[in-house]
Amino acid sequence: MSVRFMRGFAAAVVGTLLVGGSAHAQTLTVYWNAGHAYDAYAKVIEQFEADNPGWTVQWERFQWPDMRTKLVADFAVGNTPDLVAEPGGWVQEFAQQGLLEPLDAYIEADGAEMGYPDDWQDFSVSRNMVDDAYYGVQIHLTCATLVYNTDLLAEAGFDAPPTTWEEFREVAIATSTNGRFGFAPNPVTSYYWPWLFQNGVEYYDPETNTVGFDSPEAAEALQFVSDLIHDDKAAPLPVAGADYEGPQKLFTAGRAAMIITGPWDVAPIQTGNPNLNWAIAPSLTNKTQATQAGGVSLMIPAAAEHKDMAWELLKRFVSLETELEASLANGMTMPRKSWAEHPDVQANEILGNFGQCLAYARDITAELRLTGKSARVEELLKTAVDEIIYNDRPAQEILSQYAAEANRVLAE
Amino acid sequence: MSRKPGGHGPAASLAIYAVLALAVLLAVFPFIYMISLSLQSDADIYSGVPVIIPQTLQFSNYVDIWERAPFVRFILNSFIIAGGITLLHLIFDPLIGYVFAKMKFPGKRVMFAALLSTLMLPFFIRMIPLYLLTAQMGMLNTYQGLILPFAMSAYGIFLMRQFIAPIPNDLIDAARIDGANDLVIYWRIVLPQLRPALATLALLTFVFQFNEFLWPLIVVSSTEMRPITTGLTLFNQEFFTQWNLTATGGVILFLPSFLLFLITQRYFIRSVMMSGMK
Amino acid sequence: MAYALLLPGIAYFTVYFFYPIAVEFWASLFRGQPLIGHAQFAGLANYVVALTDATVRHSFLITLVYAVGTTVFTLLIGLGLAAILAGPVRANALIRAIIFFPYIISFVIVALMWKSLLDPYTGILNSVLITLGLPTQNWLSTPSSALPTMIAVSVWKDVGYAMLIYIAAIQGIPEQLYEAASIDGAKPRQIFTRITVPLLMPTTLFLAVVSMISNLQDMSAPFLLTNGGPANATRLFSLHVYETAFVQLEIGYASALSFLMFLIILLITFIQFKLLGREVAY
């Protein structure tokens, strides 16, 4: 055997090994919400797979409660996906249990280029941090604001939407005629927070480790809504359950004059009743103008197999171009400051109007989550609100009772 | 077929038929509504106005659903999983039911009590350790992983035991005297009499497993391995349910169970008559 | 020999039931997040806390009401329908099949249908009531009416199954008994209550036991129809345990709660066997 042949043979073997190695298929598992399977994201995934031959993205989509069940089971077994979208709050919750990968190293390397954290609305950054470490990146940022039926208001003599609580109540009562309601409240507890925030209520005080929802302001806020339902008969009892559709359906059918909602309801309203004349208004002001913020964040489990690639994909999902494309096509508001200032966004009626509340929107449970007990306190608040709204119990009494219990839990 | 004794006067007959009519209406109405929803357009379902007969029947929903997701694969998966589980049940449940019904052995009562007790814990409590087990056995996202945890059930065994118990012991004792062991007795004597009971078991097991949601949610990690139940959840938006497509899927989900019911109906009704739940 | 035949069964149940149950019992001895995160050993403390937990007590009570209500009505209505349909009625088989439908449709789907039907503002049921001039109901949306409505939906789902089992059993009763009774001059109602019902005791026992066990553990009904509301009026025990484990991540406590429920179901089943276990022979 000649030396040349041997060298050639060796080169061929090595070449095959190398090629064989890189031809090994790798899968990146991503958990997403079924309702956010936007074309823009499908394109991101396609591009990612094209740029990274040998990689396939397993884009699994779920409803939030199902994803919660599956993710908790995954954490218990150590068989986690690589990248997960969460509806808000899970990042801090799981980070506290040590289940998420801290992103500090990634952000240090890539932060400047991608604009994190500077290009993100401030509170969208802090809500994804635990002990000054980054654990998640916000991908959608939403806030709920007033949406009203211009015809119904005009019929009752109002050519502009209400801006204060008194005006709101006036409008609600005036438009509650002929089996219609002035305002359709949402059963989900987070929808009571605009009222609470507007009355200056703080959920949690870290200094005293107590909750603030037993204050007179909180009672006033909840009593206001309860009275609208029971005394003024200007609002129906919300339909019990975990879904959000009730108010939108009443609104679309022209049976409710006002609802509080976010950009997600635009498509159903337009599809359900294209002839409806409606508009978006800023949130009300009582002691202050405020509303609740929400939106999806992305996180990487600590037990993920392919964290680096997950980060690469994450960056693409939250890039400005992706945000623009996704938001303009689907009416979803985004967390980047540069997004909010972009001319296309400002020119878009829906995004512009729903985006304006981002300036005064607040994350409901931010500080509470850091106690690790937010789920139990939330449960207590939910029961309290339900008691007040469904059983028409006096707000202050119920709130004081449940706040005492919450404080007890916090003190454990 | 035995009859309920005595005749009915005309007034009683009318009352009876009225009751039956009401029962039928109540039973079938949500199902009719589901069919109606499956033919509605997006505009109908978002409009907030309750619709029973939509203005335009959107049959295209039935076509769309095949295109929106790998629905054929979902149906296939559902059949494989439910079918596999039903098969295993048919093999093991009657056999174990026979042992408890016709054989004497120490610890029988304790074991039967332990068996029944397995029905008394909700599934999601066993779910996480089961998930761990399945992962350790390397069966995640596989048909085996979906089928094996449901290979037998105390409910099926209990049901079979009730069906087998009334079989006359003389037959069995005679066979024993002739020297046959229990496996042979089971195979030659008991099993042939169980056809209706097996049909019942098959129907109930298949229907139950066909509609199973939680375990497939946990153990399946790729869209292609989903059965219909978890596959349908792909059609919902974050803040609202895509009622029409979900209903379309629901109608499709209903059909196999219904067909199986029609096939086994004649056994199902007569089944207990032979062995008698008395 | 029996043990030889039981071997696959023993293997299966040990692996797939008793091992997971043991793991869960172990988890119930911890406070916090055993299995996924930080946890502290607490012995039987979880059980003690559960016994004084007002939410748990409330949940258990309404679960009991729900289970008893659903079981009793399912069996009563099932028996009534069976009594009618076991006999010569026109379109017998078709009617039985239709009444059995609800049992075979996936409850996930059908619960959504009911929820839509029962919506107090946009649901069909109330609009039908309005057309008939009757007052509308709040169905699932008021604390006082939510649980009864849920019981009604569950009965609706299960009644066909009970009916079919009862029909089969009724048809197994020997004709001679009925003939003899008729000859003696017994009226149909007497025959039914004195002969048919007692002879159906084993069937009733089976259905009652199986129904109670299933209804006490029901999570899909509250989860799909009301998510436990309004104001926790339908927060059945399994739903409470599920949320404690998966939403609040109190996995240790949730495990303890499920074991408590297990013991209670065991007790209730035992009581049922005692009450209904008498077998009648003629």
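Rules behind the numbers
The written sequence of each chain sets the order in which its residues are numbered from 1. Chain letters and ligand numbers both follow the written order, the letters beginning at A and the numbers at 1. Only residues with pLDDT of at least 70 are given local features in this predicted model, and only at 80 or more are side-chain atom pairs given and counted; all residues enter the totals for whole chains, interfaces and linings. Note: side-chain values were computed over all heavy atoms of the structure, leaving out hydrogens and water. Secondary structure elements follow DSSP: runs of H or I of four or more residues count as helices, runs of E of two or more count as strands, with numbering from the N terminus. Buried means the residue's accessible area, taken with a 1.4 Å probe over protein chains only, is under 20% of the maximum for its type, while exposed means over 50%, and partly exposed covers the values in between. When checking whether two residues touch, look at their non-hydrogen atoms; a contact exists if any pair is within 4.5 Å. Per-residue and other accessible areas were derived by the Shrake-Rupley procedure at a 1.4 Å probe size, with only the shown protein chains allowed to occlude residues. Two strands pair under a simple rule: DSSP has to find at least two bridges between them. Interaxial angle, 0 to 180 degrees, is taken between N-to-C directions of lines fitted to C-alpha atoms, where a helix line uses only the stretch in contact. Throughout, disulfides are identified as pairs of cysteine sulfur atoms within 2.5 Å of each other. An automatic or database domain assignment supplies the residue ranges for each domain. Simply put, the buried area is the total loss of 1.4 Å probe accessible area from both parts when two parts are fitted together. Between Lys or Arg on one side and Asp or Glu on the other, a salt bridge is scored when a side-chain nitrogen of the former is within 4 Å of a carboxyl oxygen of the latter. Patch criteria: residues need more than 30% relative accessible area and no salt bridge. Like-charged residues are merged within 9 Å; nonpolar side chains of Val, Leu, Ile, Met, Phe, Trp and Tyr are merged within 5 Å. Here a pair means two rings of Phe, Tyr or Trp (six-membered ring of Trp) with centres within 6.5 Å. Their orientation is stacked below 30 degrees between planes, edge-to-face above 60, and tilted elsewhere.

Student: So what about the overall build of chain B? Which residues, and what values?
Tutor: Scanning chain B for helices and strands turns up 14 helices and zero strands. The order of α-helices and β-strands along chain B, N terminus first, is α-α-α-α-α-α-α-α-α-α-α-α-α-α. Within the span of chain B, comprising 278 residues, buried residues form 60% of the whole. Excluding contacts between residues fewer than 6 apart, the proportion of contacts in chain B whose partners are at least 24 apart in sequence is 76%. Carbon and sulfur atoms make up 68% of the accessible area of chain B, which amounts to about 11300 Å² in all.

Student: Provide a residue-level description of the sheet that holds strand β8 (residues 145-149) of chain A, including the pertinent values.
Tutor: Residue and element names in this part refer to chain A. Taken together, four strands build an open sheet; the order of strands is β9-β12-β8-β13 and the sheet is mixed. Every other strand in the sheet has two partners, leaving β9 (181-183) and β13 (278-281) as the edge strands with one partner each. Adjacent strand axes in the sheet meet at a mean angle of 25° when their direction is disregarded. Where β9 meets strand β12 (residues 256-261), two bridges bridge the pair, whose relative direction is parallel.

Student: Please give an account of the state of the cysteines that cites residues and values.
Tutor: Note on terminology: disulfide describes a covalent bond linking the sulfur atoms of two cysteines. Residues and elements named next belong to chain A. Within the structure shown, the criterion is met by one disulfide over all chains. Paired through a disulfide, Cys143 and Cys357 show a sulfur-sulfur distance of 1.8 Å. Across the S-S bond linking Cys143 and Cys357, the dihedral sits near 85°, which makes this disulfide right-handed. Of the two residues, Cys143 sits in strand β7 (residues 142-143) while Cys357 sits in the loop between α17 (349-355) and β16 (361-362), which places them 214 residues apart along the sequence.

Student: So what's going on with the domain arrangement of chain A? Residues and values would help.
Tutor: Residue and element names in this part refer to chain A. As assigned here, chain A comprises domain 1 (24-141 + 295-362) and domain 2 (143-293 + 373-411). A C-alpha centroid distance of 29 Å is found between domain 1 and domain 2. On the side of domain 2, 20 residues touch domain 1, which itself brings 14 residues to the contact. Counting the surface domain 1 buries against domain 2, the share from its top three residues, Phe354, Tyr360 and Arg362, is 51%. Where domain 1 meets domain 2, there are one salt bridge.

Student: Describe in detail a nonpolar patch on the surface, supporting the description with residues and values.
Tutor: On the surface, a cluster of nonpolar side chains totalling about 430 Å² of accessible area is made up of Val68, Val72, Phe73, Leu76 and Ile77 of chain C. Here Val72 of chain C is to be found in helix α3 (residues 54-85).

Student: Can you break down the pairing of strand β14 (residues 291-294) of chain A residue by residue, with the values?
Tutor: Residues and elements named next belong to chain A. Where β7 lies against β14, two bridges are found, and the strand directions are antiparallel. The partner of Cys143 across the bridge, within β14, is Ala293. Bridge analysis of β14 against β16 gives two bridges, and the strand direction is parallel. Bridge assignment links Thr291 to a residue of β16, and that residue is Ala361.

Student: Talk me through the pattern of salt bridges; I want residue IDs and the actual numbers.
Tutor: In the structure shown here, the tally under the stated rule is 26 salt bridges over all chains. Notably, a salt bridge pairs Arg316 of chain A with Asp51 of chain A, separated by 2.9 Å at the nearest N-O pair. Of the two residues, Arg316 of chain A is situated in helix α13 (residues 307-317) and Asp51 of chain A in helix α2 (residues 39-51); the sequence distance between them amounts to 265 residues. A relative accessible area of 40% places Asp51 of chain A in the partly exposed class. Across the pair Glu379 of chain A and Arg235 of chain C runs a salt bridge whose closest N-O atoms are separated by 3.5 Å. Note that Glu379 of chain A is positioned in helix α19 (residues 374-390) and Arg235 of chain C in the loop between α11 (220-225) and α12 (237-246), a pairing that runs across two chains. Residue Glu379 of chain A shares its accessibility class with Arg235 of chain C, and that shared class is buried. By sharing partners, the salt bridges in this structure join Arg376, Glu405, Arg408 and Glu412 of chain A together with Glu250 of chain C into a single network.

Student: Which residues make up the packing of aromatic side chains, and what values go with them?
Tutor: Considering all chains together, one arrives at 56 aromatic pairs over all chains under this definition. Here the aromatic rings of Phe71 of chain B and Phe74 of chain B are separated by 6.0 Å at their centres, their planes lie at 70°, and the arrangement is edge-to-face. Here Phe71 of chain B and its partner Phe74 of chain B are both found in helix α4 (residues 71-102), three residues apart, which amounts to about one turn of the helix. Each ring, one from Phe25 of chain C and one from Phe259 of chain C, has its centre 5.3 Å from the other, and the planes form 80°; the classification is edge-to-face. Remark: Phe259 of chain C occurs in helix α13 (residues 251-276) and Phe25 of chain C occurs in helix α1 (residues 2-27); sequence separation between them is 234 residues.

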